[in-house]
Structures are given as C-alpha cells and as structure tokens.
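Chain and residue survey
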Amino acid sequence: MNLSVQSYDVIVIGAGGGGLRSAIGAAQAKARTLVICRGKSNRSGATLLAGANISADIACDGETLARLGVSQGNKKDTKDAWFSDIIHEGFYLNNQDLATMYVETAGDRLAEMIDWGMEVHGMEGAREVSVFGSDILDTMMRRCRELNVEFMEDTMFTDLLMKDGQVCGVVCVDLYSGEIKALRCKAVVLATGGAHGIFSENSGSSDLCGEGQAAAMRAGAEMIDMEMVSFCPTVVTWPTMYKGNILPYILFSTGYGRVLNKYGKTFTDRYLSRHVERLALDSEWNKMLLSYALNAEIQEGRGTRQGGLYYALDLHPQEIMEELYADLPPLKTGIYADIMKIFEADRSLVIKPAAHYFEGGVRIDTACRTSIPGLFAAGECTGGMFGANRVSAATTEMMVEGAVAGNSAAAFARDTSLLPIDTAQMEAIEAELLKPFTNRGGQSPEQLRSRLHAISAEAMPVIRTAEKLTEGIAAVEELQHELEHVTLSDTARTYNREWRRSLELRSMLPVAKTMFKSALVRDESRGVHVRGDMLRTSNVKNLYNIVFRGESLEDAKAPAVLTRMKPEIGEWSYTEYIEKIVAEETGEEDA
Amino acid sequence: MTCHVKISRGEPGREGTWSEYTLTVAEHEDTSIMNVLERIAAEQDPTLAFFDHAACRQAACGKCAVRCNGKVVLACKEKAQEEMLLEPARPARLVRDLLCRA
C-alpha cells in the first residue's frame, strides 16, 4: 500500500451535495480539505438524480422564503409549523434536536446557494423551491474551486485508519489503476449517501453501496433506525433500459396517470381507507402510502409477469398531452422523449416500489459528530433526522448537515495533531482487500451479488415479516462466509470490475444484515417500516430508536429524542395511526 | 432479437484485439448498450471493462460514452442494435477496453 506523503486536516468521502457542502464548510474554516469520490466530483452520488434531474426541490419555510424574496405564496408559514409537520411525518421517531437544526438553518443554506449562483425555477409546493440536481452540484463545485478544495476522483473509499479509538486516516482504491492508497488526516466526514446497491430495484446511481456506513460500523460507530428505508412507489422496472428511473413518480405526483394491476384495475382502495387513499393519490404522503398499497397488491399475486404493476398514462384526448408537456417541458427531450414514445405507442411502463431513501444510518449529534472521535457524517448516510419517514427534502438535509459537519471537522482538526499510522493495521487492511485475487474455488462476485438481491427482495420489501427477516439474516451471514472465498476470473488490477464488486459486497453485506436485524427488533409497523405480521403502532412501548454499536447485533433501544413535541400515548392499527397523525398535522378535528 | 457484438479490448500500448459475443434480447424489450455490456459481463465475460463504477444509467451523468458503429453515444441512452462494433469513445485517454478517463 502506498502511504501518501500528503496529509490533510479534513478528508470528505463522497461528492454528492452532502460531501461538497461538507468540503465547503471545512475549507471556509481554513482546513486543508480533500474530497474522495467514487466517480466524478460533480456527477456522482444521488443528488444528480434528485427529481429525475427535472424537478428537484430544496425545502424551506414560507416565512423565510418570503423574506429571501423567493416566494410570497406561503408568508404565514413558520419554522415551528414546519417542524411540527416533520415530526408528524416521522411518526415521532425523529431526533427533534436534529429536526430543529434542519428548520432553523435551511433558509441560510438556500440563501447562500442562490448567492453562489444556483438558479431557482419557481415553486413546486408551498415549501418546495424548484431546482435542478445538476445545478446544485455545479454551484457547490464552483465554490469548492474558489476555496481550493482538492479532489481525488474515481477512487473507492474502503476503510478508516484508527489510532487509539480516534480516526487518523483513510484507505481507498484508485479504480483505474487498482492501486491501494492510504492518506493521513485529522478528521473525516462521511457523506457516502444511501446503500441502494443492496436492492436490485433502487432509484440511485451505481456508486451508492454503503461504504461509509460499513466503514463506520467497522470502526465501532453507532447506527440508528436502520429498519427505516423509504421506497419510491412507482419506479421503472421494465423496459430494462429505464430500470431505476423515477419519471413515473414525477408524472404521478404532478397528477398524471394511474397505477393498474395485471388485470388493468385500480386497487389502492383494497388497502387504504377512503381518506388515506386520497392522501396516497394526491398528497406528499404518496411515497409511503402508495409503496405500501403497491407492495401489498404484488404480494397478493396481482402483479404483472415482470413482477410489478402498470403505470398507464392515457394521452387522449390530445389536450391532455399538451397539458403534460406544458407542465413538464423536459419531457420533450433526451431520455424522457424516448420514454414518452412508449406511452404514445399506447404501451405502459412496468413499475414497482424501489429502495429510494435511507432514513437510518450513522448516528450523529447536532454537531454532526459520530460516536468516534474525529469521525463526522452528513447527508443520507446519517440517521435520526427524519425518524420513521422522510417527506421533507433530502437536498436540504445534505446542505444543513454538510455545513455543520464540515465546520465541526475543521474545528476538531484545529485542536488535534496528526496521529501516527499503525502500519500493522494498514497491512491487515491491504491483505483483506487483496485476498480475492488469491482465492480459489469460491463463487464469483456477480453470483454473490445476485444472491444478495434475491435475499433483500424477500426479507426487506416494503412489507416485512419476522420469519422472512430471520431467514434473511441467516442468508446474509452465509454470504459473508462465502465472500471470504470469493473468486475472481479477472486477475488484472487495472479497472477490475469483479474486484470492485467484491469490495462493494464487503460493505453491503454488513449494512444489509444490520437493516434486517433492526427491522426484526421493531415489532410494530410505523411510518415506512411495515410489518405484515404486526400491523399495529404502539406509542406505549415503541417510542424508541434502535441503535447498534459497530458490527455487533446487540441492539440497544434508545428513548426517542422528544425535546419539543410529545405524541399521544396509545395503540392503534397501522392505518388508523396514519389517519390520526395526518389529522393532527392538518389540524382537522377528526379524520 | 439476437445481438452480435464485437468489442475492442486492451490497455494503452496493447490495444487492437477484439472479442465477439452473441446474446439474445427479448422481443419488445428496450435494451440499452449498457444493458448489453452488463449482461456480457455477468453471463459471458467478467473481464470486460466499461464505465459503470459511478453510473447514473439515466443519461444524466454523461460518463458512459462509447463509440458504437463509428458514432459516439451514451451507452445507457442508446438502444442496442443487432450488429454492434464497440470501441472506446476517447482512445487517447484509454484505460482498458471501453473505459476511458473522463
């Protein structure tokens, strides 16, 4: 392994919006800052695909939007009202101190982005400012260049180097040359996004494999709410070339189209009361509620032969098509024009709920510190902000947490000196990373990856059961054992795709196992966590977060952080409690 | 439909070899060049190198360019054809097979 002669105050892992904003925060605080990213610095991570890069949004309260001159449409809104909505949407599992940080600093983050040149394209909702994901990244990238942030691209982060329980560097692989590198630093910010790669059906880019979460776990950091995974209900699964695209969700949320079962029938009324069905079809609660109803319909055996449901878009009379193109002009060009040709030919897309956003992740406090000295985290790889369901924008989360994490990491670096590297640890990591090259007789990374996808589809769909989760944990443990013998047919170090797949599995397997275990421990249904064998929500016994320390599956239940708002104590059926929460949020007397 | 694919292989200084593959793509199924490359790598030849380590697969990142039958296209956006000759999009920046430094 090559130990770089360069050393840094702060190393940021990931170059989506969370990573870039962390780097800006650290560099503004005068830290020498390096960003290590899987792909290209402003074209990797989840931010690029936010809103299918045609309708991303950044969230902010209406009062602040009016003050900033962005929109006068929601002037009477307050930060307190927004906070209350976020806690209701999270079913009271949110860390309320983190949610306070979110609503209090969202306006500052939006204002600086506008100041740095990001273009606003009007409003998408009362609190949603319309932007392009690519513009968020380009804007942050310009700011990073002004601040002389350094970048190391096409490089896969694998491990944290530790000295006496404190972070002292990182290990990564140059994917082009295959060279393993070690770099010294005083603080690390993890901003690696979600662990989408665990699921065959997901809405993320191919680089989201949970490397940050897994490295944090190996270092002994705490993980929180890992059972909470939001699915996007209507993600393309067929035709294959559009798999993972969320365009049907954007169309549906704008008001167009219908979801049909294999018989061409609508079905959401089978699973949702009339009131909740209305919310599923017409409100921002649609991600959670539709994912539940769609998954239930597929599990009932009324899915299509490709394993999904139809998203049908009737473009007759022609005026409907004209309205659609007026509402969403980007549909006329590029890949979206290709997809529209499918509807114009009277065909439909096959869609199904796909893993979309991970509410759970590395546990942080309001300084974005993890439980490991020198280790900070920001964005989707963290957990706790949104509790049991995220409705408000993840773009805002990444900016809010990035700004804090970067600043905290720089402050930590100022007060600490560069620690010596433990060469034995470095050599042990190198040996582990290179082991697949000398293994013989094991399965290929592609085989193990397919098996993981089959396991996650069984154990961790929207609707889970204790039985399937228990089987899933055992199956992942079996895969972990087989990964030790994973065998490559490609022996070159230069851009070895098989080797990279095996390193991805090294991260995805422990993260998957922790998710399944967490989902097993939470023996109730709450928010996006639906237990088919336990369709009840209990505020009597379940107002806690599930926290795991490191790779240990010894769970600890930490009382939910209810600093400002407390829920009614009681027990309800899953859908009754949704109705109750929605009624509280909208201020209705009774649903 | 049956796809016949001929792909340029090798690293700088050792280019000029070719691999040929045949695979069947289901009727009516829109399949991209990226899908074809992924299937070849999964089912026939795991040593094939093409850009996929941080790919959006939705024509947003713009990093998966290849030269298909002489024309530079995004592998994720372009539909597969029955006969394809695939070469690196930027040979001067070749890393391996179809992968070039972006």
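In the block above lies the structure referred to throughout.
For the structure given in this document, a descriptive report is provided here. This one's a predicted model, so the numbers in the text were calculated from it and none came from an experiment.

Cut-off values and rules
- Residues numbered from 1 in each chain as written.
- Chains lettered and ligands numbered in written order.
- Predicted model: local features only at pLDDT ≥ 70, side-chain atom pairs only at ≥ 80, totals over all residues.
- Heavy atoms only, no water.
- Pairing = 2+ DSSP bridges.
- Helix = DSSP H or I, 4+ residues; strand = E, 2+ residues; numbered from the N terminus.
- Axes fitted to C-alpha atoms, helices over the stretch in contact; angles between N-to-C directions.
- Salt bridge = Lys/Arg side-chain N within 4 Å of Asp/Glu carboxyl O.
- Buried < 20%, exposed > 50% of the residue type's maximum accessible area, 1.4 Å probe, protein only.
- Contact = heavy atoms within 4.5 Å.
- Buried area = accessible area lost by both parts, 1.4 Å probe.
- Polar contact = N/O pair within 3.5 Å; in protein donor to acceptor, adjacent residues only side chain to side chain.
- Nonpolar A, V, L, I, M, F, W, Y, C, P; charged D, E, K, R; others polar.
- Phe/Tyr/Trp six-rings, centres within 6.5 Å; stacked < 30°, edge-to-face > 60°.
- Core = buried A, V, L, I, M, F, W, Y, C linked by side-chain atoms within 4.5 Å.
- Parallel < 35°, antiparallel > 145°, perpendicular 65-115°, else oblique.
- Left-handed = near helix turned anticlockwise from the far one by under 90°.

Some words on the sheet that holds strand β4 (residues 71-74) of chain B
Residue and element names in this part refer to chain B. Strand order in the open sheet made by the five strands is β2-β1-β5-β3-β4, with mixed pairing throughout. This sheet does not close on itself; its edge strands, each paired only once, are β2 (17-24) and β4. Between one strand and the next, the sheet's axes are offset by a mean angle of 30°, whatever the strand orientation. Where strand β1 (residues 2-9) lies against strand β5 (residues 83-88), four bridges are found, and the strand directions are parallel. Following the sheet pairing, K6 is matched in β5 by L85.

Thoughts on the pattern of salt bridges
Overall, the coordinates contain 49 salt bridges over all chains when judged by the stated rule. Across the pair D154 of chain A and K40 of chain A runs a salt bridge, and its minimum N-O distance is 2.6 Å. Placement of the pair is D154 of chain A in the loop between β5 (150-152) and β6 (155-163) and K40 of chain A in the loop between β2 (33-36) and β3 (56-59), with a sequence separation of 114 residues. The pair D154 of chain A / K40 of chain A is uniform in exposure class, with both members buried. Between K468 of chain A and E458 of chain A there is a salt bridge, and its shortest N-O distance comes to 2.8 Å. Here the residue K468 of chain A occupies a position in helix α15 (residues 466-483), and E458 of chain A occupies one in helix α14 (residues 445-459), the gap between them amounting to ten residues. What emerges from the salt-bridge pattern is a single network uniting R38, E211, E446, R449, R497, R500, R501 and E504 of chain A together with D52 of chain B.

Quick word on the interface of chain B and chain A
Think of interface size as the accessible area that goes away when the parts come together; that is how it is often given. On the side of chain A, 38 residues touch chain B, which itself brings 37 residues to the contact. Between chain B and chain A, the buried area comes to about 3,200 Å², and carbon and sulfur atoms account for 53% of it. For the salt bridge of R497 of chain A with D52 of chain B, the shortest nitrogen-to-oxygen distance reads 2.6 Å. Remark: the boundary between chain B and chain A carries 16 residue pairs in polar contact (both at pLDDT 80 or more). When residues of the side of chain B that touches chain A are traced back to their parent elements, those giving at least two are α1 (33-43), β6 (94-96) and β7 (99-100) of chain B. At four residues, the largest contribution of residues to the side of chain B that touches chain A is made by α1 of chain B. In the side of chain B that touches chain A, the residues fall into 18 nonpolar, seven polar and twelve charged.

So, the sheet that holds strand β13 (residues 349-358) of chain A
Sheet strands pair via backbone hydrogen bonds, and the direction of the pair is either parallel or antiparallel. All names here are of chain A. Across the sheet, four strands lie side by side as β10-β13-β12-β11; this open sheet has antiparallel pairing. In this open sheet, the two strands that pair with only one neighbour each are β10 (229-238) and β11 (258-260). Each adjacent strand pair in this sheet contributes to an overall mean axis angle of 45°, direction not counted. In terms of strand pairing, strand β12 (residues 309-312) meets β13 through three bridges, oriented antiparallel. Looking at the pairing, Y310 lines up with V350 of β13.

As for the packing of aromatic side chains
All names here are of chain A. Inspection of the entire model under this criterion finds 13 aromatic pairs over all chains. Consider the rings of Y311 and F343, whose centres lie 5.8 Å apart with planes at 75°: the pair is edge-to-face. With Y311 in strand β12 and F343 in helix α11 (residues 334-344), this residue pair connects regions lying 32 residues apart in the sequence. Relative to F412, the ring of F376 lies with its centre 5.9 Å away and its plane at 70°, an arrangement referred to as edge-to-face. Placement of the pair is F376 in strand β15 (residues 375-377) and F412 in helix α12 (residues 394-414), with a sequence separation of 36 residues.

Let's talk about helix α3 (residues 79-89) of chain A
Regarding α3 of chain A, the residues found buried are W82, F83, D85, I86, I87, H88 and E89 of chain A. On its buried side, α3 of chain A packs onto β3, α4 (96-115) and α17 (574-586) of chain A.

Remarks on the nonpolar core
Ranked by size, the top nonpolar core spans 183 residues in total, and within it M515 and F516 of chain A carry the most contacts. Not counting residues up to four positions away in its chain, the partners in contact with M515 of chain A are I198, F199, M226, E227, V229, F358 and M460 of chain A. Counting residues in hydrophobic clusters, the runner-up holds 31 residues, among them Y21, A49, V66 and A75 of chain B.

Thoughts on unusual backbone geometry
The omega angle of the peptide bond from W238 of chain A to P239 of chain A is 5°, so this bond is cis rather than trans. The omega torsion of the bond from H316 of chain A to P317 of chain A falls at -5°, within 30 degrees of zero and hence cis. Within the element layout of this structure, P317 of chain A appears in the loop between β12 and α10 (318-327). Positioned with a positive phi, D346 of chain A is a non-glycine residue whose angle comes to about 65°. If you trace the backbone, D346 of chain A turns up in the loop between α11 and β13. Even without being a glycine, D97 of chain B presents a positive backbone phi close to 55°. Along the chain, D97 of chain B falls in the loop between β6 and β7. Given a relative accessible area of 3%, D97 of chain B falls into the buried group.

Focus on the packing of helix α8 (residues 274-282) of chain A against α17 of chain A
Residues and elements named next belong to chain A. Running from N to C, α8 and α17 cross one another at 70°; their axes reach a closest spacing of 10 Å. Compared by their axis directions, α8 and α17 come out roughly perpendicular. Both α8 and α17 take part in a crossing whose hand is left-handed. Counting all contacts with α8, which are made through H275, V276 and L279, the residues of α17 involved are T575, E579 and V582. Looking at side-chain class alone, the contact of α8 with α17 contains three nonpolar, two polar and one charged residues.

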